[in-house]
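Residue-level listing of the chains:
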Amino acid sequence: MSHLLSLVRWTARFLFALTSVAVAIYAFAYLYRSHAAGNPFAAQFAISGWDVPLHMFLAGLALLLAPLQLSAGVRRRLPALHRTAGWLYVAAILIGAPSGLLLAFHAQGGAASGVGFALLALLWPVFTLRGVVLAIGGDTAGHRRWMCRSVALTFAAVTLRVGLGVGAGALHLPFLSVYITMAWASWLLNLAVCEFILRWPSWRRARAAGGSRWASRPTGA
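Residues numbered from 1 in each chain as written. Predicted model: local features only at pLDDT ≥ 70, side-chain atom pairs only at ≥ 80, totals over all residues. Heavy atoms only, no water.

### Observations concerning unusual backbone geometry
Selection rule: For helices the rule is a DSSP run of H or I covering at least 4 residues; for strands it is a run of E covering at least 2, with both sets numbered from the N terminus onward.
One non-glycine residue with positive phi stands out, namely H172, at about 60°. Along the chain, H172 turns up in the loop between α8 (156-170) and α9 (175-216).

Shown next as structure tokens:
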């Protein structure tokens, strides 16, 4: 059973890193690729000015650095790299989030999707700065928890594209309906999974402790 759990953890980490790097590269390439004239996202890119390229590049940078920041091996063996990449990650979010907020006001689907993206853009730097403050204060455990939440929001870029690919691509559902749904689900789902991972060890310990107390109770009338 322990071998199976280890395999599941390794697979999840590998897929997390692989998809993060892949979507980050997509974000960088988006700035240079040609776009179809009838693509509404391409039209927005053409008229938006700097908010689209700024957000794509900085959100892509944060996503590219996310697996590195979560790596326990890097934290232990290369703490200087962890800190340097961490400050780059924070800077990318603090600059990239306002551009994401501006894009939310012009999101496809109107307010139905725009509010979801706007909340993501607002919570993203808040969670990240909370992690920074805890690190400066010496609360390493709290820092890691909040940075995990920050990464969950960063990973919304991946979840969004996977959801669009499955819903609109594989299942042939109406694109706009899928897009509006994923504007919310892309980060709410990530946060739910993150909270489960963070709280699972304490839940497991509490359940084990409860079982031990029940087993130690005396029997009889």
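### Considering a positive patch on the surface
What counts, and what does not: Grouping into patches uses exposed residues only, defined as over 30% relative accessible area, and leaves out salt-bridged ones; the cut-off is 9 Å for like charges and 5 Å for nonpolar side chains (Val, Leu, Ile, Met, Phe, Trp, Tyr). All accessibility values rest on the Shrake-Rupley procedure with a 1.4 Å probe; residue burial counts only the protein chains present in the view. Just to be clear on terms, a salt bridge is a Lys or Arg side-chain nitrogen sitting within 4 Å of an Asp or Glu carboxyl oxygen. Here Asp and Glu are counted as negative and Lys and Arg as positive; His is not counted, and neither are the chain ends. For charged residues, the charge sits on one atom: NZ in Lys, CZ in Arg, CG in Asp, CD in Glu.
The grouping of R9, R13, R204 and R205 at the surface amounts to a positive patch. Within the residue set of the positive patch, elements represented by two or more residues are α1 (2-30) and α9. Looking at the secondary structure, you find R13 in helix α1.

### Topic: the side chain of T154
So the rule is basically this: Any two residues whose heavy atoms approach within 4.5 Å at even a single point are treated as in contact.
Inspection of the secondary structure assignment puts T154 in helix α7 (residues 140-154). In this structure, T154 is in contact with A62, L63, Y89, I93 and W124, ignoring residues within four places of it in sequence.

### Observations concerning the packing of helix α6 (residues 111-136) against α7
Applied cut-off: Convention adopted: a line fitted to C-alpha atoms gives each axis, helices being fitted over their contacting stretch, and angles between N-to-C directions are expressed from 0 to 180 degrees. Under this scheme an angle from 65 to 115 degrees is roughly perpendicular, one under 35 degrees roughly parallel, and one over 145 degrees roughly antiparallel; angles in between are oblique. Left-handed describes a crossing whose near helix is turned anticlockwise from the far helix through less than a right angle; right-handed describes the clockwise counterpart.
Viewed as axis vectors pointing N to C, α6 and α7 meet at an angle of 160°, and their least axial separation amounts to 8 Å. Considered as vectors, α6 and α7 are oriented roughly antiparallel to each other. Of the two elements, α6 crosses α7, and the hand of that crossing is left-handed. Mapping the contact onto sequence places L120, L123, W124, F127, T128, R130, G131, V132, L134 and A135 in α6 and G142, H143, W146, M147, R149, S150, L153 and T154 in α7.

### A closer look at the nonpolar core
Taken as a class, soluble globular proteins show a tendency for nonpolar side chains to be buried jointly. To keep it simple, the criterion reads: Put simply, buried Ala, Val, Leu, Ile, Met, Phe, Trp, Tyr and Cys residues joined by side-chain atoms within 4.5 Å make one nonpolar core. Accessible area is worked out with a 1.4 Å probe on protein chains only. A residue is then buried under 20% of its type maximum, exposed over 50%, and partly exposed in between.
Ranked by internal contacts, the top residues of the largest apolar core, which has 29 residues, are A62, L63, Y89, W124, L153, W187 and L191. Those elements that provide at least two residues to this core are α1, α3 (51-70), α5 (79-104), α6, α7, α8 and α9. Within the second largest apolar cluster, 10 residues are counted, among which are F117, A118, L160 and Y179.

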